[in-house]
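Residues per chain, in single letters:
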Amino acid sequence: MSSRVLGVLEKDEEEEEEEEEEESMNPTEVKMSQIVMPCHSNPRQELSVGQLLKWIDSTACLSAERHAGSPCVTASMDDIHFEHTISVGQVVNIKAKVNRAFNTSMEVILKPIAPHTQREQIEYSVAAERRRVRMVHDDIIKDLLSHGSIQQTDNSAVGNAVAAERTKVESVELVLPSHANHQVNTFGGQIMAWMVNVAMIAASRLCQAHPTLQTIDMFTFRGPSQIGDRLLLRAIVNNAFKNSMEVGVRAEAYQEEGPNRHINSAFMTFEVLDDHRKPCTLPRIRPEPLEGERRFQEAIARKKIRLDRKYIISRTQGEVPLSVPWDPRNQVYLSYNNVSALRVLAARNNWRLSSEKDKVRLYTLEQKSMLSFRVESEVDIPAHRAFCLLAELSNRPSWDTHYQKCELIHRVDDDDFLYRVVAPSVRHGAVGSSTSVSRREGILQDFILLASKRNPCSSGDPYVIALRSVSLPTHPPTEGYNRGEVLCAGFTILEMKNISLISYYNQASPEVLPYISTDIAGLSSSFYHTFCSCSQYLTKNRLQFTSEEQTGQYKATNTDSPNCEN
Ligand code: ADP
């Protein structure tokens, strides 16, 4: 089971409203309310983070048990950001429900869960992407360090630096029945609370003040621990930045006999706040040789990852600038953002059918200041084949006249690609004209797109090909081209007994808005023609191998695409 806490903190108002509207009957939902008593608080009369983690963990476990029908323990937790403190006397409300069950989950093999409400559908879809991020986290750190992009710091030059050894903490806890569930497994929340406790002491040794926990990085339990285990907890400050420090904690379990078992490692960020709650400047740290120096460097890599993640993932879609700079180290978060934005858009339940022609349906979705559209139809082609054909974006100019040219810039991995797309530019015509959009002579547009393709995680899940703009230092805007931006676009392809339900989505940026608004207003049917052309391209190539399926240089047959001009 994986507890997800971040989602509770990052919900935007719009989603809250929608959630209230569809007050769900999710059978796995568990609510817990606690009044914060002095025994739950730290010396500043605020709820201790350890206590909060215990409550969150036990609520999440109860919810997981409702789904699994057997006792569960926490396997991992995503990042937790602490944004507010909670005082003695306040009430804490915690709500947990199962978003998605993966059958490789550590503790139970779980039956699949069917999402009901829109909110649940969104959480279900995005859970798969989050899991992907969790899995590549260690690789990103290795990559960051091996590419030498972390500056080597000459610590001997820092005169008044504090020796890291002075922050070292070691503590042992005996796991008693009150720390474990009725299956004798230690509660994950209890272990985390102990880990926070030693980390807090290590942090206070650097700053000689009361530190405030800001973030806990996502972490994974490597194995269970049980009543009777001794838990050895060790912490040290790995690095101190100007206003924050990273403390690492390692938890090992042992019995009277036998080796130590590594249970968990976590990295926590602390800061020290002054009376106005402004972060204070911290002393620098002088790491211990070898291991300490390695951790010092790794802490810098994690800091970068934390920033990227906070910036790219945890913001709501509208807050992320359109073209986030692409870089191999933030790639995983950009594709997370790319895929989850499309999944979230697809899972919205307020799409309105705007027009239908020969079973090609055009839907629109209005959200605050955003207009999105979806073109959808069934196509006689197996979903996997359609996925392979559509994922090869470089073939798109053969069926879509909105794509004049499409070149592959970089194959990031098997599922993610960077393309440069050249498109004809558009300008607005006279109001009331039936050709309100026309090509502007000589000026073209180009886009740098990240394309992320994903197979379904389970039956009933669609294939996804998500597109979003990124910026690349190697491909700056050039003369003669207007650099356009795509916020969120792409395809979902759903298998339907040998035919496919193909949906194309686009969250309209100013560049594409003129195309759609004419269609939506009924002034043209450009998207109908484009979709027909796409559908012809797919059916013509339905039986042939794509270059992915055949390692050779096969190129899908181009269609004689009809003129899709307005
Ligand atoms: P890593 O050394 O790769 O960071 P570990 O799981 O060994 O991974 O340790 C996690 C963190 O726990 C370390 O970064 C360090 O901050 C802390 N730690 C590990 N061993 C000790 C120790 N003997 N004393 C104090 N802190 C330790």
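Residues numbered from 1 in each chain as written. Predicted model: local features only at pLDDT ≥ 70, side-chain atom pairs only at ≥ 80, totals over all residues. Heavy atoms only, no water.

## Here's the deal with the overall build of the protein chain
Per the secondary structure count, the protein chain includes 10 helices and 24 strands. Among the 566 residues that make up the protein chain, the fraction classed as buried is 53%. When the accessible surface of the protein chain is summed, it comes to about 26,100 Å², and 51% of that surface belongs to carbon and sulfur atoms. (Helix = DSSP H or I, 4+ residues; strand = E, 2+ residues; numbered from the N terminus. Buried < 20%, exposed > 50% of the residue type's maximum accessible area, 1.4 Å probe, protein only. Areas by Shrake-Rupley, 256 points an atom, 1.4 Å probe, with all protein chains shown as cover.)

## A closer look at the side chain of Arg 302
Position of Arg 302 among the secondary structure elements: in helix H6 (residues 291-312). Setting aside chain neighbours within four positions, we find Arg 302 in contact with Ile 141, Asp 217, Asn 238, Glu 246, Phe 267 and Arg 295. (Contact = heavy atoms within 4.5 Å.)

## Here's the deal with the sheet that holds strand E11 (residues 245-254)
Judged by pairing direction, the sheet is antiparallel, and its six strands sit side by side in the order E4-E8-E12-E11-E10-E7 without closing on themselves. The open sheet has two edge strands, strand E4 (80-81) and strand E7 (169-174), and neither has a second partner. Strand direction decides the pairing type here: strand E10 (residues 230-240) and E11, joined by 10 bridges, are antiparallel. If you follow Leu 231 over to E11, its bridge partner there is Ala 253. Contacts from helix H5 (residues 188-207) reach E7, strand E8 (212-216), E10, E11 and strand E12 (261-271) within the one sheet, and its direction differs from that of E10 by about 40 degrees. (Pairing = 2+ DSSP bridges. Axes fitted to C-alpha atoms, helices over the stretch in contact; angles between N-to-C directions.)

## Considerations on the packing of aromatic side chains
Following the criterion strictly, the structure yields seven aromatic pairs and no others. Residues Phe 491 and Tyr 504 carry aromatic rings whose centres are separated by 5.1 Å and whose planes lie at 55 degrees to one another, so their mutual orientation is tilted. Of this pair, Phe 491 sits in strand E23 (residues 488-496) while Tyr 504 sits in strand E24 (residues 499-507); the two residues are 13 residues apart in sequence, bridging distant segments of the chain. Tyr 504 carries the same exposure label as Phe 491, and that label is buried. An aromatic cluster is present here, built from Phe 373, Trp 399, Phe 491, Tyr 504 and Tyr 537 joined pairwise through their rings. Just above the ring of Phe 267 sits the side chain of Arg 302; from NZ or CZ to the centre is 3.5 Å. Positioned above the aromatic ring of Tyr 363 is the side chain of Arg 374, whose terminal nitrogen or guanidinium carbon lies 4.0 Å from the ring centre. (Phe/Tyr/Trp six-rings, centres within 6.5 Å; stacked < 30°, edge-to-face > 60°. Lys NZ or Arg CZ within 6 Å of the ring centre and 35° of its normal.)

## Comments concerning the site of the ligand
The full set close to the ligand counts 14 residues, and Asn 238, Arg 250, Ser 265, Arg 294 and Arg 295 are the nearest of them. Arg 250 has a polar side-chain atom sitting 2.9 Å from an oxygen atom of the ligand. Here an oxygen atom of the ligand and a side-chain polar atom of Arg 295 are 2.7 Å apart. Within the complex, the protein chains bury 83% of what would otherwise be the 530 Å² of accessible surface of the ligand. The greatest single-element share of the shell around the ligand, amounting to four residues, is contributed by E10. (Near = heavy atom within 4 Å. Polar contact = N/O pair within 3.5 Å; in protein donor to acceptor, adjacent residues only side chain to side chain.)

## Details of the pairing of E24
Working note: regular strand, side chains alternate between the two faces of the sheet. In terms of burial, E24 is a largely internal element, eight of the nine residues being buried. Bridge analysis of E23 against E24 gives nine bridges, and the strand direction is antiparallel. Opposite Ala 489, over in E24, you have Asn 506 as the bridge partner.

## Observations concerning the packing of helix H8 (residues 383-391) against helix H10 (residues 526-540)
Look at H8 against H10: their axes get within 10 Å of each other, and the N-to-C directions meet at 115 degrees. Taken as a pair, H8 and H10 cross one another with a handedness that is right-handed. Of the residues in H10, those in contact with Ala 386, Leu 389 and Leu 390 of H8 are Cys 534, Tyr 537 and Leu 538. Of the residues belonging to the contact of H8 with H10, the class tally is six nonpolar, no polar and no charged. (Left-handed = near helix turned anticlockwise from the far one by under 90°. Nonpolar A, V, L, I, M, F, W, Y, C, P; charged D, E, K, R; others polar.)

## Regarding the confidence of the model for the protein chain
The predicted structure's coordinates, where accompanied by low pLDDT, should not be read in detail. Across the protein chain, the average pLDDT comes to 78, with 73% of residues at 70 or higher. Here residues 1-23 is a poorly scored stretch, pLDDT under 50, and it has 44 contacts once near neighbours within four places are set aside; other chains count. Note that pLDDT drops below 50 for residues 428-440; the model gives that stretch 28 contacts with residues more than four away or on any other chain. (pLDDT = per-residue confidence, 0-100.)

## What about the environment of His 410?
Mapped onto the elements, His 410 comes out in strand E18 (residues 405-411). In the structure, His 410 is positioned 10 residues away from Arg 420 in sequence and 9.7 Å away in space, judged by C-alpha atoms. Those residues in contact with His 410 that lie beyond four places of it in its chain are Trp 326, Phe 417 and Leu 418.

## Quick word on the pattern of salt bridges
Where charged atoms of side chains with opposite charge meet at close range, the side chains can pair. Under the definition given, this model contains 22 salt bridges. With a closest N to O distance of 3.4 Å, Arg 411 and Asp 414 form a salt bridge. What makes Asp 414 exposed here is its relative accessible area of 53%. Note that Asp 446 and Arg 483 form a salt bridge whose closest N and O atoms lie 2.9 Å from each other. Taken together, the residues span a long stretch of sequence, with Asp 446 in strand E20 (residues 437-454) and Arg 483 in strand E22 (residues 481-483) at a distance of 37 residues. Look at Asp 446 and you get buried, because its relative accessible area is 1%. The network of salt bridges with common partners includes Glu 246, Glu 291, Arg 294, Arg 295, Glu 298 and Arg 302. (Salt bridge = Lys/Arg side-chain N within 4 Å of Asp/Glu carboxyl O.)

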